[in-house]
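One-letter residues, chain by chain:
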Amino acid sequence: MKIQKTNVARLMDKAKVAYELIPYELDENDLGAQHVADALGEDIRQVFKTIVLHGDKTGNIVCVIPGNCEVNLKKAARASGNKKVEPLPLKELLPTTGYIRGGCSPIGMKKHFPTYFHLTAASFPYLYVSAGQRGLQIKLAPADLLRESRGQLADLTGE
């Protein structure tokens, strides 16, 4: 099966970053990270999901968290220098990022937004994030992902 290169993959090629594109069986009724992890046969804690939030001071920010977690809005606000953040309305996701729900990658958005990865990202040899379309993940080293997304580590989940 020939895998179409996504913009994310082209950006990684340009940056000379080692990665692997991994397709999985898409279920339009279940876009959740658990489905992706199960389809890949991987630990849900290494399958990261990308969530776009809007801060009252900085505007849009990107939080990338393990698939089994929920973003803590207070912690995301604190990490990003906002008093409060709220999820970007779904109808604004595509025009803002160039991505749709279930295919949003922290790399290659229409415009760069401050990006924060949950602290656990650095503890794995590799992570999975969306390669920019539903049904396709990109597997790469956390250091490369952090560098190419200009991301930083922060505590984004839990109480």
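Look up: the structure comes first, before these words.
Residues numbered from 1 in each chain as written. Predicted model: local features only at pLDDT ≥ 70, side-chain atom pairs only at ≥ 80, totals over all residues. Heavy atoms only, no water.

(A) Representation of the nonpolar core. Grouped together as the largest cluster of nonpolar side chains are 27 residues, with contacts concentrated most on V52, M109, I138 and L145. Mapped by element, the contributors of at least two residues to this core are α1 (7–14), β2 (48–55), β3 (59–66), β6 (127–133), β7 (136–140) and α5 (142–149). Ignoring anything within four residues of it in the chain, the contact list for M109 reads T50, V52, V62, T97, Y99 and C104. Within the second largest apolar cluster, 12 residues are counted, among which are C69, V71, A154 and L156. (Core = buried A, V, L, I, M, F, W, Y, C linked by side-chain atoms within 4.5 Å. Buried < 20%, exposed > 50% of the residue type's maximum accessible area, 1.4 Å probe, protein only. Helix = DSSP H or I, 4+ residues; strand = E, 2+ residues; numbered from the N terminus. Contact = heavy atoms within 4.5 Å.)

(B) Focus on the sheet that holds β6. Pairing is antiparallel across the open sheet formed by three strands, whose spatial order is β1-β7-β6. Edge strands, defined here as strands with exactly one partner in the open sheet, are β1 (20–23) and β6. Looking at each pair of strands side by side, their axes are set apart by 35 degrees on average, direction ignored. Bridging between β1 and β7 involves four bridges; their strand directions are antiparallel. If you follow L21 over to β7, its bridge partner there is I138. Most of the contacts of α1 go to β7, to which it runs at about 20 degrees, and overall it touches β1, β6 and β7. (Pairing = 2+ DSSP bridges. Axes fitted to C-alpha atoms, helices over the stretch in contact; angles between N-to-C directions.)

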